[in-house]
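Residue-level listing of the chains:
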Amino acid sequence: MPNLTLHSVALTTAAVLTVSAGAAAAQQACTNYTVQDGDTMASIALTAYGTSNYQPIFNANRDAISNPNALDPGLSLVLPCEDGNLPNGQSASDIIAAQQERFANSAQSSAFKRPIKLVTGNGWAPFADETLNGGGFITRLGTTTLQRGGNNEQFSISFVDDWNSHIETLLPLGAFDVSMAWNIPDCTNRSYEWSWETEVRCTQFHASAPVYDIVFGFYSVPDGKYAGATSFDDLHGATICRMEGWPLHDLEQEGLLRDDTMTVVQPATARECLDAVITGTADIATFELQLFADAMSEMGLNANDLVENPYVSTLSSLRFITHRSNPQGQRYLALMNKGLNEMRETGEWYAIISDSLNEHNERLLDAIN
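Each value, and the rule that gives it
- Here the residue numbers are simple positions, counted from 1 along each chain's written sequence.
- Since the coordinates come from a predicted model, pLDDT governs what is reported: local features require at least 70, and pairs of side-chain atoms require 80 or more to be given and counted, while whole-chain, interface and lining totals use all residues.
- In computing side-chain properties, one takes all heavy atoms of the structure into account and sets aside hydrogens as well as water.
- Runs of E in the DSSP output that reach at least two residues are strands. Runs of H or I that reach at least four are helices, and both are numbered from the N terminus.
- Throughout, radius of gyration means the C-alpha value; the globule benchmark is 2.2 Å times the number of residues raised to the power 0.38.
- Exposure categories follow from relative accessible area, calculated using a 1.4 Å probe and restricted to protein chains: below 20% of the type maximum is buried, above 50% is exposed, and the middle band is partly exposed.
- Every residue pair with non-hydrogen atoms within 4.5 Å of one another is taken to be in contact.
- Areas reported here follow the Shrake-Rupley algorithm with a probe of radius 1.4 Å; residue values treat only the protein chains shown as occluding.
- Strands are labelled as partners when DSSP assigns at least two bridges between them.
- Patch rule: a residue counts if its relative accessible area is over 30% and it has no salt bridge; like charges are joined within 9 Å, and nonpolar side chains (Val, Leu, Ile, Met, Phe, Trp, Tyr) within 5 Å.
- We define a salt bridge as a contact between a side-chain nitrogen of Lys or Arg and a carboxyl oxygen of Asp or Glu at a distance within 4 Å.
- Charged-residue counts in this description rest on Lys and Arg as positive and Asp and Glu as negative, His and the chain ends being excluded.
- Charge positions come from single atoms, namely NZ of Lys, CZ of Arg, CG of Asp or CD of Glu.
- Grid spacing is 1 Å over the protein atoms alone, the probe is 1.4 Å, and a cavity is where that probe fits but cannot get out, while a pocket is an open set with protein on both sides within 12 Å along at least five of seven lines and lining residues have an atom within 4 Å of a point.
- Grid points are joined across faces, edges and corners, and a volume is the space filled by probe spheres set on the points.
- In the scheme used here, Gly and all other residues not listed as nonpolar or charged are polar, with Ala, Val, Leu, Ile, Met, Phe, Trp, Tyr, Cys and Pro taken as nonpolar and Asp, Glu, Lys and Arg as charged.
- Buried residues of nine kinds, namely Ala, Val, Leu, Ile, Met, Phe, Trp, Tyr and Cys, make up a nonpolar core once their side-chain atoms join them within 4.5 Å.
- Cysteine sulfur atoms that pair up within 2.5 Å are treated as a disulfide.

Trainee: Kindly report on the overall build of the protein chain, identifying the contributing residues and their values.
Mentor: Within the protein chain, the secondary structure is distributed over 11 helices and 11 strands. The C-alpha atoms of the protein chain give a radius of gyration of 21 Å, which matches the 21 Å a tight globule of 369 residues would have. On the principal axes, the C-alpha backbone points of the protein chain span a range of 65 × 50 × 40 Å. Residues classed as buried in the protein chain amount to 52% of the 369 residues present. Intrachain contacts of the protein chain at a sequence separation of at least 6 include 76% that bridge at least 24 residues. Of the roughly 15,900 Å² that the protein chain leaves accessible, carbon and sulfur atoms contribute 48%.

Structure below.
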């Protein structure tokens, strides 16, 4: 049976890369920035923060950016402050406190009803980790969406790091109602042959609206054969590295897994993927931006060693899921979707994410010091 383990989250870190002295001063953290011709998400992040990890910029401008590889000149971007707050004077903690006060008197009466049982992984800070405030930002988003969506039933949260068990046993048998959170493919797209993994996700589970969108970058050595690729068609024939347990449906959708000339290698760690590209065992490493920044920092690498392709990337949405056999599953997801819309409108969605990221980064710095 194919492995369904999904390590859909990764450590966040401020991997510091070298920035040239001639970098545009206008690209500063905690300001608004107008995209110029030739800008890329990575170049803006490098200038503003000293790291190629542009996921925080993407988070803050999700409504304005549909494709991170196609920034239109003249587009106005919000560049978050170093602590994750937005440059509008409102801190994440202020927004969260205001919304908590607003809903403080919401009634919770679950007489004769069992609690809604939520489950997530553990040890995946800042996404899901019971040592973080609220259990990490995916956990905080899940519980808060229920509250903001009008739920008046009690709920419980459990941390089970065996992701296989969520999808193979715990949800199908009704031990839990909602698992947080999974990379789910576009299940309306039948233009390609689904893998067994995609078939299971799309036919056995209901999924919420996208909760958090992550970017998968494609990385190679600067002078590599595929460094100049301008489309996915240019990657045919490459050996691609993505870690074991991470989803492959985005590669399926781009036709990369249907090409007999291509090879996908799946080691256990990000470091092994980067080593494979540096030593020539693989042509391209592709994984989540924050994990790339973390691995680069740990290995002491910079933009002279590995570069992100500015033309190709994929997006994957983390969603809450319920098994189709759960008679209340779709009702729970409807509540969570309603709450998610509310949180996006009030700014609480971004505030929770930035607050958790800041907490996690502070812990990393304390550990280093």
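Picking up where we left off.
Trainee: I'd like a description of the pairing of strand β11 (residues 307-323), backed by residues and values.
Mentor: Most of β11 sits out of view: 13 of its 17 residues are buried. The sheet contact formed by strand β5 (residues 178-184) and β11 spans five bridges and is antiparallel. The partner of asparagine 183 across the bridge, within β11, is leucine 318. Strand direction decides the pairing type here: strand β6 (residues 205-207) and β11, joined by three bridges, are antiparallel.

Trainee: Describe a negative patch on the surface, naming the residues involved and giving the relevant values.
Mentor: Side chains of Glu82, Asp83, Glu362 and Asp366 sit close together on the surface and give a patch of like negative charge. Inspection of the secondary structure assignment puts glutamate 82 in the loop between β2 (76-79) and α3 (92-102). Taking the relative accessible area as the measure of exposure, glutamate 82 reaches 63% and is therefore exposed.

Trainee: So what about empty space enclosed by the protein? Which residues, and what values?
Mentor: Under the defined criterion, the tally for this structure stands at two cavities of 30 Å³ or more. Of the pockets and cavities examined, the largest cavity occupies roughly 40 Å³. Around the largest cavity sit Phe218, Ser220, Tyr226, Ala227, Leu235, Ile284, Asn309 and Val312, which together line it. At the level of secondary structure, the elements contributing two or more residues to the lining of the largest cavity comprise β7 (212-220) and β11. Among the residues making up the lining of the largest cavity, the classes are represented as six nonpolar, two polar and no charged.

Trainee: Any chance you could break down the nonpolar core for me, citing the residues and the numbers?
Mentor: Ranked by size, the top nonpolar core spans 67 residues in total, and within it Phe137, Ile138, Tyr212, Leu274, Phe287 and Phe320 carry the most contacts. Excluding its chain neighbours within four sequence positions, the residues that come into contact with isoleucine 138 are Phe127, Met180, Ala181, Val211, Tyr212, Leu318 and Phe320. If you look at the next biggest cluster of nonpolar residues, it comprises 13 residues, including Tyr226, Leu235, Ile240 and Ile284.

Trainee: Hey, could you go over the pattern of salt bridges for me, with residue numbers and the actual values?
Mentor: The final tally for this structure, using the stated rule, is 10 salt bridges. With a shortest N-O distance of 2.9 Å, arginine 148 and glutamate 348 are connected by a salt bridge. Here arginine 148 is found in helix α4 (residues 137-148), whereas its partner glutamate 348 is found in helix α11 (residues 348-368), with 200 residues between them in sequence. Its relative accessible area of 7% is what places arginine 148 among the buried residues.

Trainee: Give me the state of the cysteines: which residues, what numbers.
Mentor: One pass over the full model with this rule turns up three disulfides. Across a sulfur-sulfur distance of 2.0 Å, cysteine 30 and cysteine 81 are joined as a disulfide pair. Classification of the bridge connecting cysteine 30 and cysteine 81 rests on its S-S torsion, roughly 50 degrees, and on that basis the disulfide is right-handed. Here cysteine 81 lies in the loop between β2 and α3 and cysteine 30 lies in the segment before β1 (31-34), a separation of 51 residues in the sequence. A residue is classified by how much of its surface remains accessible, and cysteine 81, at 12% relative accessible area, is buried. For cysteine 241, the disulfide goes to cysteine 273, at an S-S distance of 2.0 Å. Looking down the S-S bond of the cysteine 241 and cysteine 273 bridge, the torsion is -90 degrees, so its handedness is left-handed.

Trainee: Describe in detail the environment of alanine 295, supporting the description with residues and values.
Mentor: Checked against the element boundaries, alanine 295 lands in helix α9 (residues 289-299). Placed 73 residues apart in sequence, alanine 295 and proline 222 show a C-alpha to C-alpha distance of 17 Å.

Trainee: Break down unusual backbone geometry for me, citing the residues and quoting the values.
Mentor: Omega for the peptide link from alanine 125 to proline 126 comes to 5 degrees, which places this bond in the cis form. For proline 126, the location among the structural elements is in the loop between β3 (116-120) and α4. Geometrically, the link from methionine 180 to alanine 181 is a cis peptide bond, its omega value of -5 degrees lying close to zero. Within the secondary structure, alanine 181 is located in strand β5. Within the chain, cysteine 30 stands out as a residue other than glycine whose phi angle is a positive 70 degrees. Cysteine 30 gets classed as partly exposed once you look at its relative accessible area, which sits at 35%.

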